[in-house]
Amino acid sequence: MKRTRLVGLSSIAVALVGSILLAPPALAASDYYVSPSGSDANPGTSADSPFGTIQRALDVAPSGSTVHLASGVYLQDAVTRTSGITVTGPSGAVVKGGGSTRIFQVHHDNMTLT
């Protein structure tokens, strides 16, 4: 009986480890970077390779993330996609909009603009 029990416990342990390893990763809150001279083809995960649009950062940022704007003029509009995002930048980061009547549309709760 002991042998059967050890095999049963081993099978359970292997199944638990396998399910943990095969589980999809949770989206972690991250920092994303945007610059008027950036490109949406960049990964946007560092100030050295920023996105070119605020919208691209809002599209990929999971809840709890911070979008950092570099200094410059942003002639673009943006619409939130996820709640719990913070958009921040220095006083030299000026969002003037792209011509829409609404420059920044917030469609979610817990959105912070600093």
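1. Some words on the sheet that holds strand 2 (residues 66-69)
Reasoning step 1: Spatially, 4 strands are ordered 1-2-5-8 in an open sheet, and the strand pairing comes out parallel. Edge positions in the sheet fall to strand 1 (31-34) and strand 8 (112-113), since each has one partner strand and no second.
Reasoning step 2: Where strand 5 (residues 86-88) and strand 8 come together, 2 bridges link them in parallel fashion. Across the sheet, Val 87 pairs through a bridge with Leu 113, a residue of strand 8.

2. What about a nonpolar patch on the surface?
Reasoning step 1: A cluster of nonpolar side chains, Val 73, Leu 75 and Val 94, forms an exposed patch at the surface whose accessible area comes to about 260 Å².
Reasoning step 2: Tracing the chain through its elements places Val 94 in strand 6 (residues 93-95).
Reasoning step 3: A relative accessible area of 33% places Val 94 in the partly exposed class.

3. Notes on the confidence of the model for the protein chain
Reasoning step 1: When pLDDT is averaged across the protein chain, the result is 82; 75% of the residues are at 70 or more.
Reasoning step 2: The low-confidence segment residues 9-26, where pLDDT is below 50, has 0 contacts with residues more than four positions distant or belonging to other chains.

4. Here we look at the pairing of strand 1
Reasoning step 1: Alternating residues of strand 1 divide into Tyr 32 and Val 34, all buried, and Asp 31 and Tyr 33, none buried.
Reasoning step 2: By the bridge criterion, 4 bridges tie strand 1 to strand 2 in an arrangement that is parallel. Counterpart to Tyr 32 in the pairing with strand 2 is Val 67.
Reasoning step 3: One crossover worth recording links strand 1 to the parallel strand 2 by way of helix 2 (residues 54-60), and it is right-handed.

5. A look at the nonpolar core
Reasoning step 1: Formed by 15 residues in total, the largest nonpolar core has its most connected members in Val 34, Ile 54, Leu 58, Val 67, Leu 69, Ile 85 and Val 87.
Reasoning step 2: When residues of this core are traced back to their parent elements, those giving at least two are strand 1, helix 2 and strand 2.
Reasoning step 3: Counting residues per element, this core draws most heavily on helix 2, at 3 residues.
Reasoning step 4: With residues near it in sequence (within four places) discarded, Ile 54 still touches Val 34, Leu 69, Tyr 74, Gln 76, Ala 78, Val 95 and Phe 104.

6. A word on the pattern of salt bridges
Reasoning step 1: Inspection of every chain in the model, using the stated rule, returns 1 salt bridge.
Reasoning step 2: Note that Arg 81 and Asp 59 form a salt bridge whose closest N and O atoms lie 2.9 Å from each other. Highlighted residues: Arg 81 in the loop between strand 4 (78-79) and strand 5 and Asp 59 in helix 2, separated in sequence by 22 residues.
Reasoning step 3: Classification of Arg 81 as partly exposed rests on a relative accessible area of 47%.
Reasoning step 4: For Asp 59, a relative accessible area of 38% translates into the label partly exposed.

Definitions and limits used
- The residue numbering used here restarts from 1 in each chain and proceeds along that chain's sequence as written.
- Note on the predicted model: pLDDT of at least 70 is required for a residue's local features to be given, and 80 or more for side-chain atom pairs to be given and counted; whole-chain, interface and lining totals, by contrast, use all residues.
- Computation of side-chain values covers all heavy atoms of the structure but excludes hydrogens and water.
- By definition, two strands form a pair when at least two bridges between them are found by DSSP.
- Helix and strand definitions follow DSSP, with helices as H or I runs of at least four residues and strands as E runs of at least two, each counted in order from the N terminus.
- Patch membership requires over 30% relative accessible area and the absence of a salt bridge. Like charges are linked within 9 Å, and nonpolar side chains (Val, Leu, Ile, Met, Phe, Trp, Tyr) within 5 Å.
- Here the Shrake-Rupley method, with its probe set to 1.4 Å, supplies the accessible areas, and only the displayed protein chains count as covering residues.
- When a carboxyl oxygen of Asp or Glu lies within 4 Å of a side-chain nitrogen of Lys or Arg, that pair is called a salt bridge.
- Accessibility here uses a 1.4 Å probe with only protein chains present; expressed as a share of the type maximum, an area under 20% marks a residue as buried, one over 50% as exposed, and anything in between as partly exposed.
- Confidence scores per residue from the predictor, reported as pLDDT, run from 0 to 100.
- What makes two residues a contact is simply this: any of their non-hydrogen atoms within 4.5 Å.
- Crossovers are described as right-handed under a simple rule: with the strands pointing away from the observer, the path leading from the first strand over the helix to the second runs clockwise.
- For this analysis, a nonpolar core means a set of buried residues of the types Ala, Val, Leu, Ile, Met, Phe, Trp, Tyr and Cys, connected via side-chain atoms within 4.5 Å.

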